[in-house]
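One letter stands for each residue in the lines below.
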Amino acid sequence: MSTKIDVFGAAAAIAKGMSVTLKEMLSPTVTEYYPDEPAKFEERFRGVHVLQRDVNGMEKCVACFLCAAACPSNCIYIEAAENTERERISGGERYAKVYNIDYNRCIFCGYCVEACPTDAITHGHGFEAASYNTSTLIKRKEDMLAPVPAGATPPVVEPERPAAH
Ligand code: SF4
Ligand code: SF4
(Lines give C-alpha, C1' and ligand atoms only; values in the text may rest on other atoms or scores of the structure.)
(Ligands and ions follow the chains in the order given, each with its own letter.)
Protein backbone atom coordinates (compact mmCIF):
# COMPACT_ATOMS: atom_id res chain seq x y z
CA MET A 1 0.00 0.00 0.00
CA SER A 2 2.75 2.45 0.96
CA THR A 3 4.57 1.68 -2.33
CA LYS A 4 1.41 2.67 -4.24
CA ILE A 5 1.25 5.97 -2.34
CA ASP A 6 4.96 6.62 -3.11
CA VAL A 7 4.36 6.05 -6.83
CA PHE A 8 1.34 8.38 -6.87
CA GLY A 9 3.27 10.99 -4.85
CA ALA A 10 6.24 10.85 -7.25
CA ALA A 11 3.96 11.05 -10.30
CA ALA A 12 2.17 14.08 -8.81
CA ALA A 13 5.50 15.77 -8.08
CA ILE A 14 6.73 15.15 -11.64
CA ALA A 15 3.46 16.45 -13.10
CA LYS A 16 3.73 19.58 -10.93
CA GLY A 17 7.34 20.16 -11.99
CA MET A 18 6.55 19.64 -15.68
CA SER A 19 3.64 22.07 -15.45
CA VAL A 20 6.13 24.78 -14.44
CA THR A 21 8.38 23.82 -17.38
CA LEU A 22 5.40 23.88 -19.77
CA LYS A 23 4.25 27.26 -18.45
CA GLU A 24 7.74 28.75 -18.98
CA MET A 25 7.92 27.26 -22.50
CA LEU A 26 4.69 29.03 -23.46
CA SER A 27 5.56 32.43 -21.90
CA PRO A 28 7.08 35.18 -24.06
CA THR A 29 10.85 35.11 -24.62
CA VAL A 30 12.80 37.71 -22.65
CA THR A 31 16.17 37.44 -24.38
CA GLU A 32 18.22 40.67 -24.28
CA TYR A 33 19.97 41.49 -27.56
CA TYR A 34 22.61 43.75 -26.00
CA PRO A 35 24.87 45.11 -27.50
CA ASP A 36 22.85 45.02 -30.74
CA GLU A 37 19.95 46.67 -28.89
CA PRO A 38 20.06 48.87 -25.77
CA ALA A 39 19.86 46.93 -22.51
CA LYS A 40 16.66 47.35 -20.49
CA PHE A 41 16.75 47.97 -16.75
CA GLU A 42 14.34 48.07 -13.88
CA GLU A 43 13.81 51.61 -12.55
CA ARG A 44 15.65 50.72 -9.33
CA PHE A 45 18.83 49.60 -11.14
CA ARG A 46 21.87 51.29 -9.59
CA GLY A 47 24.18 52.39 -12.37
CA VAL A 48 26.70 55.19 -12.77
CA HIS A 49 25.65 58.25 -10.78
CA VAL A 50 23.95 61.34 -12.19
CA LEU A 51 24.26 64.78 -10.56
CA GLN A 52 20.85 66.36 -11.03
CA ARG A 53 19.80 69.91 -11.86
CA ASP A 54 16.60 71.67 -10.76
CA VAL A 55 13.93 72.92 -13.17
CA ASN A 56 15.85 76.18 -13.62
CA GLY A 57 18.99 74.36 -14.65
CA MET A 58 20.79 75.03 -11.35
CA GLU A 59 22.86 72.22 -9.88
CA LYS A 60 21.02 70.58 -6.99
CA CYS A 61 24.22 69.77 -5.11
CA VAL A 62 24.88 72.27 -2.31
CA ALA A 63 28.20 70.71 -1.26
CA CYS A 64 27.04 69.56 2.18
CA PHE A 65 29.38 66.52 2.14
CA LEU A 66 26.68 64.19 3.57
CA CYS A 67 27.09 61.76 0.68
CA ALA A 68 30.85 61.60 1.21
CA ALA A 69 30.32 61.00 4.94
CA ALA A 70 27.85 58.17 4.23
CA CYS A 71 30.04 56.43 1.65
CA PRO A 72 31.49 53.21 3.11
CA SER A 73 34.16 53.06 0.38
CA ASN A 74 35.34 56.62 0.90
CA CYS A 75 35.29 57.16 -2.85
CA ILE A 76 33.57 60.57 -3.09
CA TYR A 77 35.80 63.66 -3.23
CA ILE A 78 34.20 67.11 -3.06
CA GLU A 79 35.59 70.64 -3.06
CA ALA A 80 32.99 73.25 -2.09
CA ALA A 81 32.80 76.86 -3.28
CA GLU A 82 30.51 79.78 -2.39
CA ASN A 83 27.86 81.00 -4.82
CA THR A 84 28.18 84.72 -5.46
CA GLU A 85 25.99 87.36 -7.13
CA ARG A 86 28.05 87.02 -10.30
CA GLU A 87 28.47 83.26 -10.19
CA ARG A 88 25.45 81.25 -9.05
CA ILE A 89 25.74 77.54 -9.77
CA SER A 90 23.34 75.99 -7.24
CA GLY A 91 20.26 77.10 -5.31
CA GLY A 92 22.07 76.96 -1.95
CA GLU A 93 24.90 78.96 -0.40
CA ARG A 94 27.54 76.64 -1.79
CA TYR A 95 28.03 74.35 -4.74
CA ALA A 96 30.44 71.54 -5.56
CA LYS A 97 33.31 73.04 -7.51
CA VAL A 98 34.85 69.57 -7.69
CA TYR A 99 32.83 66.37 -7.34
CA ASN A 100 34.60 63.12 -8.13
CA ILE A 101 33.57 59.50 -7.64
CA ASP A 102 36.25 56.83 -7.84
CA TYR A 103 34.60 53.84 -9.52
CA ASN A 104 37.59 51.68 -8.66
CA ARG A 105 36.12 51.63 -5.18
CA CYS A 106 32.38 52.33 -5.54
CA ILE A 107 30.25 49.31 -4.61
CA PHE A 108 26.96 50.85 -5.87
CA CYS A 109 25.42 50.54 -2.42
CA GLY A 110 23.28 53.68 -2.84
CA TYR A 111 24.10 55.11 0.60
CA CYS A 112 25.17 58.42 -0.98
CA VAL A 113 21.78 58.67 -2.73
CA GLU A 114 19.96 57.95 0.52
CA ALA A 115 22.02 60.55 2.42
CA CYS A 116 21.54 63.44 -0.03
CA PRO A 117 19.09 66.05 1.34
CA THR A 118 18.49 67.70 -2.06
CA ASP A 119 18.18 64.59 -4.28
CA ALA A 120 21.21 65.88 -6.13
CA ILE A 121 22.95 62.56 -6.54
CA THR A 122 21.04 59.65 -8.04
CA HIS A 123 21.87 56.38 -9.70
CA GLY A 124 21.48 56.45 -13.46
CA HIS A 125 21.29 53.39 -15.70
CA GLY A 126 24.82 53.73 -17.09
CA PHE A 127 26.71 50.47 -16.73
CA GLU A 128 29.42 50.42 -19.40
CA ALA A 129 32.10 51.64 -17.00
CA ALA A 130 34.66 48.84 -17.39
CA SER A 131 38.14 49.93 -18.40
CA TYR A 132 41.68 48.55 -18.69
CA ASN A 133 42.95 51.90 -17.40
CA THR A 134 41.90 52.46 -13.81
CA SER A 135 42.63 56.19 -13.98
CA THR A 136 39.62 56.57 -16.31
CA LEU A 137 37.37 55.20 -13.56
CA ILE A 138 37.53 58.44 -11.61
CA LYS A 139 34.44 60.25 -12.89
CA ARG A 140 34.31 64.01 -12.53
CA LYS A 141 31.33 66.29 -12.01
CA GLU A 142 31.38 67.17 -15.71
CA ASP A 143 31.00 63.45 -16.58
CA MET A 144 28.00 62.99 -14.27
CA LEU A 145 26.11 66.28 -14.50
CA ALA A 146 22.60 66.03 -15.99
CA PRO A 147 21.94 68.20 -19.06
CA VAL A 148 20.19 71.55 -18.59
CA PRO A 149 16.43 70.86 -18.89
CA ALA A 150 14.70 72.10 -22.03
CA GLY A 151 13.42 75.65 -21.60
CA ALA A 152 15.65 76.40 -18.57
CA THR A 153 18.31 79.07 -18.69
CA PRO A 154 21.66 77.63 -17.69
CA PRO A 155 23.47 79.36 -14.78
CA VAL A 156 25.10 82.53 -16.05
CA VAL A 157 28.65 83.22 -14.98
CA GLU A 158 29.47 86.88 -15.54
CA PRO A 159 33.07 87.61 -16.42
CA GLU A 160 35.29 89.39 -13.85
CA ARG A 161 35.10 93.17 -14.21
CA PRO A 162 38.36 95.08 -13.94
CA ALA A 163 38.63 96.99 -10.66
CA ALA A 164 37.80 100.72 -10.89
CA HIS A 165 40.78 103.06 -10.35
S1 SF4 B 1 27.11 53.99 -4.21
FE2 SF4 B 1 27.99 53.53 -2.17
S3 SF4 B 1 30.16 53.16 -2.55
FE4 SF4 B 1 29.36 54.20 -4.38
S5 SF4 B 1 29.73 56.38 -4.04
FE6 SF4 B 1 27.67 55.96 -3.26
S7 SF4 B 1 27.95 55.49 -1.07
FE8 SF4 B 1 29.96 55.34 -2.05
S1 SF4 C 1 25.37 65.30 -3.62
FE2 SF4 C 1 23.85 65.74 -2.02
S3 SF4 C 1 24.75 64.93 -0.12
FE4 SF4 C 1 26.42 65.08 -1.64
S5 SF4 C 1 27.35 67.07 -1.25
FE6 SF4 C 1 25.82 67.35 -2.86
S7 SF4 C 1 23.92 67.98 -1.77
FE8 SF4 C 1 25.32 67.09 -0.23
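In what follows, the structure referred to is the one given above.
As the structure is a prediction and not an experimental result, all values here were calculated from the model. (Residues numbered from 1 in each chain as written. Chains lettered and ligands numbered in written order. Predicted model: local features only at pLDDT ≥ 70, side-chain atom pairs only at ≥ 80, totals over all residues.)

## Concerning the site of ligand 2
Thinking step 1. For ligand 2, the set of nearby residues contains 14 residues, the closest of which are C61, C64, L66, C67 and C116.
Thinking step 2. A breakdown of the residues in the shell around ligand 2 according to their chemical character gives 13 nonpolar, one polar and no charged. (Near = placed C-beta within 6 Å. Nonpolar A, V, L, I, M, F, W, Y, C, P; charged D, E, K, R; others polar.)

## Details of the site of ligand 1
Thinking step 1. Ligand 1 sits among 14 residues. The nearest are C71, C106, C109, Y111 and C112.
Thinking step 2. Of the residues assigned to the shell around ligand 1, the class counts are 12 nonpolar, two polar and no charged.

## Remarks on the sheet that holds strand β2 (residues 76–82)
Thinking step 1. Read across the sheet, three strands follow the order β2-β3-β5 without closing on themselves; strand pairing throughout is antiparallel. Edge positions in the sheet fall to β2 and β5 (138–139), since each of these pairs with one other strand and no more.
Thinking step 2. Judged from the seven bridges that link them, β2 and strand β3 (residues 94–102) form a sheet pairing that is antiparallel. Bridge pairing in β3 links Y77 to N100. (Pairing = 2+ DSSP bridges. Helix = DSSP H or I, 4+ residues; strand = E, 2+ residues; numbered from the N terminus.)

## Regarding the environment of L137
Thinking step 1. One can find L137 in the loop between β4 (121–126) and β5.
Thinking step 2. A tally of 16 C-beta atoms within 10 Å means that L137 is categorised as partly exposed.
Thinking step 3. Along the primary structure L137 and R105 are separated by 32 residues, whereas in three dimensions their C-alpha atoms are 9.2 Å apart.
Thinking step 4. Look past the residues within four positions of L137 in its chain and what remains in contact with it is D102, Y103, N104, A129 and S131. (Buried ≥ 20, exposed ≤ 12 C-beta atoms within 10 Å, placed from the backbone. Contact = placed C-beta atoms within 7 Å.)

## Regarding the environment of K40
Thinking step 1. Mapped onto the fold, K40 is located in the loop between α1 (2–26) and β1 (48–51).
Thinking step 2. K40 gets classed as exposed once you count the C-beta atoms within 10 Å, which come to 10.

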